[in-house]
Amino acid sequence: MVDHTSAAPGSAEAGAGGLENLLVEERRFPPSPEFAAQANATAELYDRAAADRLGFWAEQARELLTWSTDFTEVLDWSDAPRARWFGDGRLNAAYNAVDRHVEAGNGERVAIHWEGEQGDTRTITYAQLRDEVARAAAALAELGVQTGDRVAIYLPMIPEAVVAMLACARIGAPHSVVFGGFSAEALHTRINDASAKVVITADGGYRRGKPSALKPAVDDALASGDTPVEKVLVVRRTGQDVAWHDDRDVWWDEIVPRQGTDFAPVDVEAEHPLFILYTSGTTGKPKGIFHTTGGYLAQSAYTHKNVFDLKPETDVYWCTADIGWVTGHTYVTYGPLVNGATQVMYEGTPDTPHKGRWWEIVEKYKVTILYTAPTAIRTCMKWGEEEPGRFDLSSLRVLGSVGEPINPEAWVWYRRVIGGDRTPVVDTWWQTETGAIMISPLPGVTAAKPGSAQTPLPGISADVVDEQGEAVPAGSGGYLVLTEPWPAMLRGIWGDEQRFHDTYWSRFPGIYFAGDGAKKDEDGDLWVLGRVDDVMNVSGHRLSTTEIESALVSHPTVAEAAVVGASDDTTGQAVVAFVILRGEAAAAASEASAEEHIAELRAHVAKEIGPIAKPRSILVVTELPKTRSGKIMRRLLRDVAEKRTVGDVTTLADSTVMDQISAGMQK
Ligand code: ATP
Ligand code: MG
């Protein structure tokens, strides 16, 4: 178990407190007057929330959701840290996501423009989506699923993934989505941890131009016979041959289409569990985070409307996240559908069949709002700006980033190359645990600073504190905390109350410890500096991995960088960097120039942030170890840098990456 309260071996004992504040970023991007004039959120939203925080959330919950029974109490915090939001209210998540839009006369609006990797497409209106969700719910009920039962979902990015989640929500059966790229073993653990009764899967999905199988992993996960799974519902996607267990397996197309469409949404309490989702596992064993219905939906809809400036009648929104990740829950399934948005959903990888695929999709559907991760942006930087340059991206008007700190240079590239130097960029900080966006600029209000998530949203209270839990003054670094409960907050770790308390609530009693280091600049804006576990201590100076990585990425030859602290006899820890070069630079590199180039990169870091941050060594690599959601797993690089056996790699996207890096290190 990862305990964020104690520093990881080899990391700075004192954690992020007193983090050196080194990298300077002076660029500012205020919204254009035209954008500001039409924006959903104005500065007044901050005032309203500050004047009456709970009243503000009650207003949002009533305005954005339809309740079957209105609530009288906004927040009950008497059993802290377990919150009850809108506790005596009742509603249904699927009703809010689909039925009510049809009832309001918007049934013909497109809910999902789906694009298969192979170029096959499906267009699904709200009316069609509502009916399909009702049929799938009826099918699940026929398979024995009742309110409160858990259902595991192991699907590729096909419309049935959204349908399956909403069908569970319609019954009030919490879903546990497991990323389709995870192994049978990872699936097995998650099925048992949540005691899932049914698994919804597909024969396979398309990845990198080929059908990749899913059903065999489910068969393996269930082979030991020690799971509570009774039925497996299988969507036909690739037509691959699959093994079949007659008493257990059911084809989706044999049971769902024959159902009627009158399965009514089950009314649940606001605090009824909506889903369980395991964290990415960037720092250790994943935690089964569970979320409830009313507060989660209210904050999802509120953030989706205001952070992305959504206009449901005219926008075409696209979030590239997989549904196996929290971003796919809140900003593919729940937020956009509750708000009645039209969205794009894409099955495959960004470079299939060519490196311009995403931009081709933006052009084709005239996408107006794009939400993606820094890792994807840096990959596009590596591929070069000619790729997006071949497509018309002028429909875009808001760009979002999530998942990791975004290096200022990647931020500026994103705005310039993808956003035509015109669009606001919102860097959104949040976690599986927070359920929805917490810290982010508002696109029509905030003068954006590349690399900073900036301000807690109206209604959210966040701060940076020192070792003692005292707020640090402007200009200092420390620990990122959330000082007041928020509607979409986790209600616990499934089946592990103690870990819930230990991980989040014991470092600073009474306030939520996020596990991230951050600094507060002179304006009071927040800069997330990476995990507390990743902070380095070099000759007594506490350095942030993020800042050094950003300095490396600001060199024109570097697309991506990962930095770790490796133990060092003289300095305690030394900075070790791994870099991926931009396409042109990689092509030009030769044996002879390599050494010079590395010397130049070291000098560049010294110039950007100071000699203390100069890496002891820099290794040029072609890939970095990342989780399935694209986060760099620094703990594995630390193992390599310290010549230890590499630790748990089960949540790694590509397990061969570590072999390549270890081999490179030995040279
Ligand atoms: P685990 O907790 O199992 O190690 P994880 O923290 O990677 O996994 P997630 O909940 O998917 O799982 O990720 C949340 C984390 O992602 C945050 O705590 C933060 O470190 C990082 N993060 C997300 N968005 C941002 C952002 N905009 N800026 C900086 N960091 C971000
Ligand atoms: Mg985490």
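Everything numeric here is computed off the predicted structure, so don't read it as measured data.

Cut-offs used in this document
Residues numbered from 1 in each chain as written. Chains lettered and ligands numbered in written order. Predicted model: local features only at pLDDT ≥ 70, side-chain atom pairs only at ≥ 80, totals over all residues. Heavy atoms only, no water. Axes fitted to C-alpha atoms, helices over the stretch in contact; angles between N-to-C directions. Helix = DSSP H or I, 4+ residues; strand = E, 2+ residues; numbered from the N terminus. Left-handed = near helix turned anticlockwise from the far one by under 90°. Contact = heavy atoms within 4.5 Å. Nonpolar A, V, L, I, M, F, W, Y, C, P; charged D, E, K, R; others polar. Expected span 1.5 Å × (residues − 1). Buried < 20%, exposed > 50% of the residue type's maximum accessible area, 1.4 Å probe, protein only. Pairing = 2+ DSSP bridges.

So what about the packing of helix α6 (residues 159–171) against helix α11 (residues 326–338)? Which residues, and what values?
Helix packing geometry: the angle between the two helix axes and the distance between the axes. Where α6 meets α11, the closest approach of the two axes is 11 Å, and the angle between their N-to-C directions is 60°. Crossing of α6 over α11 shows right-handed handedness. Facing Val162, Met165, Leu166 and Ala169 of α6, the residues of α11 in contact are His329, Val332, Thr333, Tyr334 and Leu337. Of the residues that constitute the contact of α6 with α11, the class distribution is 7 nonpolar, 2 polar and no charged.

I'd like a rundown of α6, residues and numbers included.
Given a rise of 1.5 Å per residue, 13 residues ought to cover 18 Å, and the 19 Å separating the end C-alpha atoms of α6 matches this to within 8%. Counting buried residues in α6 gives 13 out of 13 residues, a clear majority hidden from the surface. A positive phi of about 80° marks Gly172, the residue just after α6.

How would you summarise the sheet that holds strand β16 (residues 316–319) if you had to cite specific residues and measurements?
Spatial strand order, β5-β4-β17-β16-β18-β19-β20: 7 strands in an open sheet with mixed pairing. Lying at the two open borders of the sheet, with one neighbouring strand each, are β5 (121–125) and β20 (425–427). Direction aside, neighbouring strands of the sheet carry axes that sit 15° apart on average. Bridging between strand β4 (residues 110–115) and β5 involves 5 bridges; their strand directions are antiparallel. Of the residues in β5, the one forming a bridge with Val110 is Thr125.

A description of the sheet that holds strand β22 (residues 477–482) should follow, citing residues and the corresponding values.
Ordered by their spatial adjacency, 4 strands build an open sheet running β21-β22-β24-β25, and the pairing between neighbours is antiparallel. Each edge of the sheet is formed by a strand with only one pairing partner; in this case those strands are β21 (462–465) and β25 (526–531). The mean angle between the axes of side-by-side strands here comes to 45°, regardless of whether they run parallel or antiparallel. Where strand β24 (residues 512–520) lies against β25, 4 bridges are found, and the strand directions are antiparallel. Considered in β25, the bridge of Lys520 is made with Leu526. In this fold helix α17 (residues 545–553) packs onto β24 and β25, with an angle of close to 100° to the strand it touches most, β25.

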